Amino acid sequence: MGEWLKPLIQRAYLEIVEYDYQIRTEMIQMNRELPYCVMSYLKRGEALLRVQGQEYYCKKGDAIFLPHHVMHDHIKTSKEEAVFLWWHFNFRTAYNMDVLSLLKLPYRVRMENSADFENRFFEYMEAIRNEKTIADMIYKNAKALEVLASLFDSFLHSEKTQMAPDIPGNFIEIFNDISGEPRADMTLKKLGEKYHMNPTYISNKFKEYFGVSPIVLQRNMLFEMAKDYLVSSSININEIADRLKFRDHAVFTRFFSERAGMSPTKYRNTSS
């Protein structure tokens, strides 16, 4: 793994959208596209995954992984019972940047550590059932990370996995500039002046390396940080605008309203 990837993964947040353990005698999921990552492990039985015209036959001990918004079919291929352990999840850093998009993982792998994975998955389910206190919640979150680690141990050791290319140091610095302290007054022109590169070149290469342009990343982060301030603090709207380096209160309110569909004040009142 590239050294530059490690701090991104260390700062990433795992969100489990939904999960289950299912015994199925039939399954026909056609033209399915989900706004989060999909993991499905076959504990028993057979299934077929079809992605972009390619077919992947899955049997006991196989796991599939699909990134966000990948159209696919997932079908049972026999009348015999199949047992699935599945997760829908996000693994993001830098306020909504998908870490796994920086890797090209195969759609299917053989889980060499299948027993370990199954144990960790069931321990996670048990932790959810027993969650009553803050300590229980922390324990549950730790178990979720153990499941992810066990899953990706097999994926990252697969010969078909393509690690993200090494990214030039100046682009890592640009990423750290944006993610470390997002500022509304940051522009491509200022980045060009600071790093002695053409602004259009910066934008194009940054998107090539990170899957999103620097301005889109900046705006996503500013929006998420604004929501955090509004929900978790009592500081007034003018101070939030000032901390995020917006020119004035009106510009911040317009920026936030366009994305949230409501004013910052209404968002705070609705979320409290």
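Residues numbered from 1 in each chain as written. Predicted model: local features only at pLDDT ≥ 70, side-chain atom pairs only at ≥ 80, totals over all residues. Heavy atoms only, no water.

*Asks:* When you look at the pattern of salt bridges in this model, what are you seeing that I'm missing?
*Replies:* When the charged atoms of two side chains with opposite charge come close together, those side chains can pair. What the rule picks out here adds up to 17 salt bridges. The partner of E208 in a salt bridge is K205, and the shortest N-O contact between them spans 3.1 Å. Taken as a pair, E208 and K205 lie in helix α6 (residues 199-210) at a separation of 3 residues, close to a single helical turn. Residue class for E208 comes out exposed when judged on its relative accessible area of 54%. For R259, the salt bridge goes to E258, with nearest N and O atoms at 3.8 Å. (Salt bridge = Lys/Arg side-chain N within 4 Å of Asp/Glu carboxyl O. Helix = DSSP H or I, 4+ residues; strand = E, 2+ residues; numbered from the N terminus. Buried < 20%, exposed > 50% of the residue type's maximum accessible area, 1.4 Å probe, protein only.)

*Asks:* Would you explain a nonpolar patch on the surface in this entry?
*Replies:* A cluster of nonpolar side chains, contributed by I134, M137 and I138, occupies part of the molecular surface with about 310 Å² of accessible area. Counting through the fold element by element, I138 comes out in helix α3 (residues 134-156). (Patch = residues over 30% accessible without salt bridge, like charges linked within 9 Å, V, L, I, M, F, W, Y side chains within 5 Å. Areas by Shrake-Rupley, 256 points an atom, 1.4 Å probe, with all protein chains shown as cover.)

*Asks:* Mind showing me how you'd approach the sheet that holds strand β7 (residues 72-76) here?
*Replies:* In a beta sheet, neighbouring strands are held together by backbone hydrogen bonds and run either parallel or antiparallel to one another. The 4 strands lie next to each other as β2-β7-β4-β5, forming an open sheet whose pairing is antiparallel. If you trace the sheet from one side to the other, it starts and ends with β2 (28-32) and β5 (54-59), each paired once. The sheet shows a mean angle of 15° between the axes of neighbouring strands, taken without regard to direction. As paired elements, strand β4 (residues 46-51) and β7 share 5 bridges and run antiparallel to each other. Residue pairing for β7: L48 is matched across the bridge by I75. (Pairing = 2+ DSSP bridges. Axes fitted to C-alpha atoms, helices over the stretch in contact; angles between N-to-C directions.)

Honestly, it's all geometry; don't read function into it.
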